[in-house]
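# Working through the structure, step by step
For reference, the chains in residue letters:
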Amino acid sequence: MLNLERDVTVIGLQMGLLTMRKGEFSRFLFQPQYAYGDMGCPPLIPPAAVVLYEVQLLDFFYTGQMEDFTSLSPEEQIAAPVCTLLQVVSTVRSLGNRCFNQRRYEDAKYRYKQAVKLLKSRKTQSGTEMESITAALLPLYLNLALTELRVDSPNKALKYGKKALEIEPTNAKALFRCGQAYLDLREYKSAYDCLIAAQAKKPFDSDINNLLRKVAICYKDNLDTEKDMCSKMFRDLRIK
């Protein structure tokens with residue numbers, strides 16, 4: 001992921017990228033004054049070279065507002081309008097989603113946690129502002145829970161799932177994430193309870209129903225195993 005102003009040093013390419021749309025493929029032919037100038041860039045680019053660029057713009061984000069906001073002091077951030085904070089958080093979360101979709105899970109976690117930190121540092125006495133901040137925290141906790149599941153960290157996933165449930169106790173996604181985490185931890189009764197609650201909210205969700213069936217089988221197998229162990233233990237005691 002490139003920053004247009006920081007990472008793209010060819011002035012013509014900066015100008016050309018600003019004209020492109022998402023998914024567009026373009027060719028740019030730059031005269032020396034829009035590329036590497038009279039000196040070129042030895043040994044790869046000769047002096048006064050005309051340069052052809054072929055570019056496909058896969059995706060982009062407007063991060064100027066985010067970078068301006070994060071460069072402010074904590075006091076200046078607190079003084080900024082809450083609508084600005086929420087816009088910045090939305091951009092940071094979108095960057096996290098982009099990383100997640102590319103399976104760059106550690107980068108995704110960094111972005112989600114960055115957004116959470118920005119929201120949590122906001123001290124407000126307004127009920128309306130607090131509701132907006134709390135609403136913005138919910139998808140971040142859900143995303144963090146899913147990301148932790150992807151990197152096989154069910155305990156951390158459960159922590160974030162519970163934080164989401166503190167905000168919205170009947171949220172189906174949060175219940176589902178907790179169910180997934182409990183299953184990975186082999187806490188089948190807790191997984192079953194979470195998934196039953198999630199199913200009550202979304203009875204026709206295939207992901208919930210499929211995982212619930214899996215948990216039910218694991219739960220039954222676990223109970224059967226415990227029953228066999230107890231029977232064997234008492235049988236051994238009687239023999240003695």
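We now turn to the structure provided with this report. (Residues numbered from 1 in each chain as written. Predicted model: local features only at pLDDT ≥ 70, side-chain atom pairs only at ≥ 80, totals over all residues. Heavy atoms only, no water.)

### Side note on the overall build of the protein
The helix and strand inventory of the protein stands at eleven helices and two strands. In the protein, the order of α-helices and β-strands from amino to carboxyl end is α-α-β-β-α-α-α-α-α-α-α-α-α. Viewed in the frame of its principal axes, the protein has a C-alpha envelope of about 95 × 50 × 35 Å. When the 240 residues of the protein are sorted by exposure, 38% land in the buried category. Accessible surface for the protein amounts to roughly 15300 Å². Of this, 54% is attributable to carbon and sulfur atoms. Both charge centroids of the protein, one from 34 positive and one from 28 negative side chains, sit 7 Å from each other. (Helix = DSSP H or I, 4+ residues; strand = E, 2+ residues; numbered from the N terminus. Buried < 20%, exposed > 50% of the residue type's maximum accessible area, 1.4 Å probe, protein only. Areas by Shrake-Rupley, 256 points an atom, 1.4 Å probe, with all protein chains shown as cover. Lys, Arg positive; Asp, Glu negative; His and termini not counted. Charge placed at Lys NZ, Arg CZ, Asp CG, Glu CD.)

### Some thoughts on the packing of aromatic side chains
The full count for this structure, using the stated rule, is five aromatic pairs. Ring plane angle 5° and centroid distance 5.7 Å describe the contact between Phe-28 and Phe-30, whose orientation is recorded as stacked. Phe-28 gets classed as buried once you look at its relative accessible area, which sits at 14%. On the basis of relative accessible area, Phe-30 is assigned to the buried category, the value being 8%. (Phe/Tyr/Trp six-rings, centres within 6.5 Å; stacked < 30°, edge-to-face > 60°.)

### Topic: helix H6 (residues 105-120)
For H6, spanning 16 residues, the distance from its first C-alpha to its last is 22 Å, which sits close to the expected 22 Å at 1.5 Å a residue. Regarding H6, the residues found buried are Tyr-105, Ala-108, Lys-109, Tyr-112, Gln-114, Ala-115, Val-116, Leu-118 and Leu-119. In the core, the buried residues of H6 are packed alongside helix H3 (64-70), helix H4 (74-79), helix H5 (82-101) and helix H7 (127-150). (Expected span 1.5 Å × (residues − 1). Contact = heavy atoms within 4.5 Å.)

### Quick word on the nonpolar core
Across soluble globular proteins, nonpolar side chains show a tendency to be buried alongside one another. With 50 residues, the main nonpolar core has Val-89, Leu-119 and Leu-140 as its most contacted residues. Within the residue set of this core, elements represented by two or more residues are H3, H5, H6, H7, helix H8 (154-167), helix H9 (172-184), helix H10 (188-201) and helix H11 (206-239). Broken down by element, this core gets its largest block of residues, eleven residues, from H7. Ignoring any residue separated from it by four or fewer positions in sequence, one finds Leu-140 in contact with Val-89, Arg-93, Tyr-112, Ala-115, Val-116 and Leu-119. Ranked by size, the runner-up nonpolar core spans 13 residues in total, among them Leu-13, Phe-28, Ala-35 and Leu-57. (Core = buried A, V, L, I, M, F, W, Y, C linked by side-chain atoms within 4.5 Å.)

### A look at the pattern of salt bridges
Scanning all chains against the criterion turns up seven salt bridges. Where Arg-27 meets Glu-54, a salt bridge forms, and the shortest distance between an N and an O atom there is 2.8 Å. Separated by 27 residues along the polypeptide, Arg-27 in strand S1 (residues 25-30) and Glu-54 in strand S2 (residues 51-56) bring together distant segments of the chain. Here Lys-109 ties to Glu-148 by a salt bridge, and the two come within 3.5 Å at their closest N and O atoms. Residue Lys-109 is located in helix H6, and its partner Glu-148 is located in helix H7; the two are separated by 39 residues in the primary sequence. Judged by its relative accessible area of 8%, Lys-109 is buried. When its relative accessible area of 1% is taken as the criterion, Glu-148 is described as buried. Within the structure, one salt-bridge network assembled from shared partners comprises Lys-22, Asp-59 and Arg-98. (Salt bridge = Lys/Arg side-chain N within 4 Å of Asp/Glu carboxyl O.)

### Topic: unusual backbone geometry
Cis rather than trans, the peptide bond between Pro-42 and Pro-43 has omega equal to 0°. One non-glycine residue with positive phi stands out, namely Arg-103, at about 60°. Of note in this structure, Asp-152 is not a glycine but carries a positive phi near 60°. Position of Asp-152 relative to the elements: it lies in the loop between H7 and H8. Judged by relative accessible area, which is 66%, Asp-152 ranks as exposed.

### Some thoughts on H8
For H8, which comprises 14 residues, the first-to-last C-alpha distance of 20 Å matches the rise-based estimate of 20 Å (1.5 Å per residue) to within 8%. Every buried residue of H8 is listed here: Pro-154, Ala-157, Leu-158, Tyr-160, Gly-161, Ala-164 and Leu-165. On the buried face of H8, the contacting elements are H6, H7 and H9.

### Remarks on a nonpolar patch on the surface
A surface patch of nonpolar side chains, about 280 Å² in accessible area, is lined by Ile-11, Met-15 and Tyr-34. The topology assignment puts Ile-11 in helix H2 (residues 11-17). (Patch = residues over 30% accessible without salt bridge, like charges linked within 9 Å, V, L, I, M, F, W, Y side chains within 5 Å.)

Note that all results are geometric; they support no functional claim without further evidence.
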